[in-house]
Amino acid sequence: MTAHDKRLGERIRELRIRLGITQRELAGDRITRNMLSLIESGNASPSVSTLLYIAERLGTSVGYFFTSSEADEGRYFKLSIIDELKERFREGNYRECERICESVPQSARDDELSYLAAISYLHTALAAAETLDLVQAMKDINTARSYADRSIYADSSFDNALRFYGELFRTVCSDTVPELLCDYGVCGAYVPVPLVRYFSALTDNRTGYPGSSLYLSAGPESEYYVRHIRAVSLLTDGRTSDAMKLFRELSADHALPYYMKYRVLCGLEQSADAAGDFRLAYNASRRKLEMIEKCRILF
């Protein structure tokens, strides 16, 4: 065993493990697993053709195995994973993107990789919030922020999105609406204008029932925005029975956006109490408590 063979074997083994590839998978049909094991342990020297084969199977160049600095190693490692990372990103497989990015050594985490990781964690945060797993959602938001801080591509609009959704997640089980959720300055690629318009309308009873076309032209969730704002307006106008009916319909709709559920239950409890339907008011209150427990966040 020579120091050269030992270092070469270590590089092959480290990269294989980082990529989640077994010895049998890397060996393929060109070399035996036993021979690969000897190469990785430094007890055998691969031929040039074998080394080229191993490099190809690992998605890198032979030069990676002979790098002498962390910066060079990082560049070669990025070449070995960037194509798969971009493919998973195009597919929308963001958890897999995160796994790949987490496998990358610090020396390879440049602006591009950090930005892709930040976007991926934002997407998985939104997916976790949809299931009311707000603990995971907040973890992903915080991880997205740490990656965004390392990338020049993560501009102020991306930072605004992280702040917006962080605040949204923290107030999912609250009937109040923080100012940030009504700030049109945060709107962009990740924060749609209709969502901010919805929260703004919730805080302004003078708005009344907004025109349907203003909301329905923006996407499938807009119908729920309209119905919720209308229910709030009815309750404000003293039309308690009509408001209660609409709140009840919304609360029974399984497709209701996660950030509306608690607020709708608050409206149902309030309208039912005002209408004297104390059984319904109690039921709404119980469901609110169940939702708080499910979210598992301390308020």
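Residues numbered from 1 in each chain as written. Predicted model: local features only at pLDDT ≥ 70, side-chain atom pairs only at ≥ 80, totals over all residues. Heavy atoms only, no water.

### Some details on the pattern of salt bridges
Per the stated rule, a full pass over the model turns up 17 salt bridges. For Lys86, the salt bridge identified is with Glu112, shortest N-O distance 3.3 Å. Taken as a pair, Lys86 in helix α5 (residues 70–91) and Glu112 in helix α7 (residues 111–130) lie far apart in primary sequence, 26 residues in all. Close ionic contact of Glu269 with Lys288 constitutes a salt bridge, the shortest N to O distance being 2.7 Å. Placement of Glu269 in helix α14 (residues 258–275) and of Lys288 in helix α15 (residues 278–295) is noted, with a sequence separation of 19 residues between them. The class of Glu269 is partly exposed, set by a relative accessible area of 23%. Taken together, the shared-partner salt bridges in this structure form one network comprising Lys6, Arg7 and Glu10. (Salt bridge = Lys/Arg side-chain N within 4 Å of Asp/Glu carboxyl O. Helix = DSSP H or I, 4+ residues; strand = E, 2+ residues; numbered from the N terminus. Buried < 20%, exposed > 50% of the residue type's maximum accessible area, 1.4 Å probe, protein only.)

### Looking at the side chain of Lys288
For Lys288, a relative accessible area of 13% corresponds to the buried category. Sequence-distant contacts of Lys288, defined by excluding residues within four places in its chain, comprise Tyr262, Leu265, Cys266 and Glu269. (Contact = heavy atoms within 4.5 Å.)

### Quick notes on the packing of helix α8 (residues 134–148) against helix α9 (residues 156–170)
Running from amino to carboxyl end, α8 crosses α9 at an angle of 160°, the nearest separation of the two axes being 10 Å. Relative to α9, the element α8 is oriented roughly antiparallel. Seen along the crossing, α8 lies across α9 with a hand that is left-handed. Each of Leu134, Ala137, Met138, Ile141, Ala144, Arg145 and Ala148 in α8 lies in contact with α9, whose residues at this interface are Phe158, Leu162, Arg163, Tyr165, Gly166, Phe169 and Arg170. (Axes fitted to C-alpha atoms, helices over the stretch in contact; angles between N-to-C directions. Parallel < 35°, antiparallel > 145°, perpendicular 65-115°, else oblique. Left-handed = near helix turned anticlockwise from the far one by under 90°.)

### A closer look at the nonpolar core
Ile12, Ile54, Phe65 and Phe169 are the most contacted members of the largest nonpolar core, which totals 92 residues. Element by element, the count of residues in this core is highest for α7, at ten residues. (Core = buried A, V, L, I, M, F, W, Y, C linked by side-chain atoms within 4.5 Å.)

### Describing the environment of Val48
Here Val48 is to be found in helix α4 (residues 48–57). The class of Val48 is exposed, set by a relative accessible area of 65%.

### Focus: the packing of α7 against α9
Running from N to C, α7 and α9 point in directions that differ by 25°, and their axes come no closer than 12 Å. Accordingly, the angle class assigned to the pair α7 and α9 is roughly parallel. Handedness of the crossing formed by α7 with α9: left-handed. Taking contact as the criterion, the partners of Tyr115, Ala118, Ile119, Leu122, Ala125, Leu126 and Ala129 in α7 are, on α9, Phe158, Leu162, Tyr165 and Phe169.

### Quick word on α4
For α4, the complete set of buried residues consists of Thr50, Leu51, Tyr53, Ile54 and Ala55. Following α4 by one or two positions, Gly59 has its phi on the positive side, about 70°.

### Some details on the packing of aromatic side chains
Using the criterion set out here, one finds 13 aromatic pairs in the structure. Taking 6.3 Å as the distance between ring centres and 35° as the angle between the ring planes, the aromatic pair formed by Tyr165 and Phe169 counts as tilted. A residue pair is termed a helical-turn pair when its members lie 3 or 4 positions apart in one helix, as Tyr165 and Phe169 do in helix α9 at four residues. Across the pair, exposure class does not vary: Tyr165 and Phe169 are buried alike. Three or more aromatic residues joined by ring pairs form one cluster here, namely Phe164, Tyr165, Phe169, Tyr198, Phe199, Tyr225, Tyr258 and Tyr259. (Phe/Tyr/Trp six-rings, centres within 6.5 Å; stacked < 30°, edge-to-face > 60°.)

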